[in-house]
Amino acid sequence: MASIDKFKELKSLIDGLENDADKFFAKGNSAAGTRVRKGLQDIKTLAQDLRLGIQDLKNKK
């Protein structure tokens, strides 16, 4: 179900990847790249769940 908490969780996931993204792009740390890819997959899943929840709430109104 969609909620502001889910949206905040999504935002937190994105913010949490910044350090690893910097390590990968600026320093070439491949382990950080792996963590970024995994985090992006988690973001994709959460975003899709949030999107469907929002659509469901919208349709109920």
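Now for a look at the structure at hand. Model, not experiment: these values are computed from the prediction.

### Remarks on the packing of aromatic side chains
This model, assessed by the stated rule, comprises 1 aromatic pair. Their ring planes at 75° and their centres at 5.1 Å tell us that Phe-24 and Phe-25 sit as a pair that is edge-to-face. Judged by relative accessible area, which is 68%, Phe-25 ranks as exposed.

### So, the environment of Phe-7
Tracing the chain through its elements places Phe-7 in helix 1 (residues 4-16). On the accessibility criterion, Phe-7 (47% relative accessible area) is partly exposed. For Phe-7 and Arg-51, which are 44 residues apart along the polypeptide, the C-alpha to C-alpha distance reads 9.9 Å.

Reading the values: rules and limits
- Residues numbered from 1 in each chain as written.
- Predicted model: local features only at pLDDT ≥ 70, side-chain atom pairs only at ≥ 80, totals over all residues.
- Heavy atoms only, no water.
- Phe/Tyr/Trp six-rings, centres within 6.5 Å; stacked < 30°, edge-to-face > 60°.
- Buried < 20%, exposed > 50% of the residue type's maximum accessible area, 1.4 Å probe, protein only.
- Helix = DSSP H or I, 4+ residues; strand = E, 2+ residues; numbered from the N terminus.

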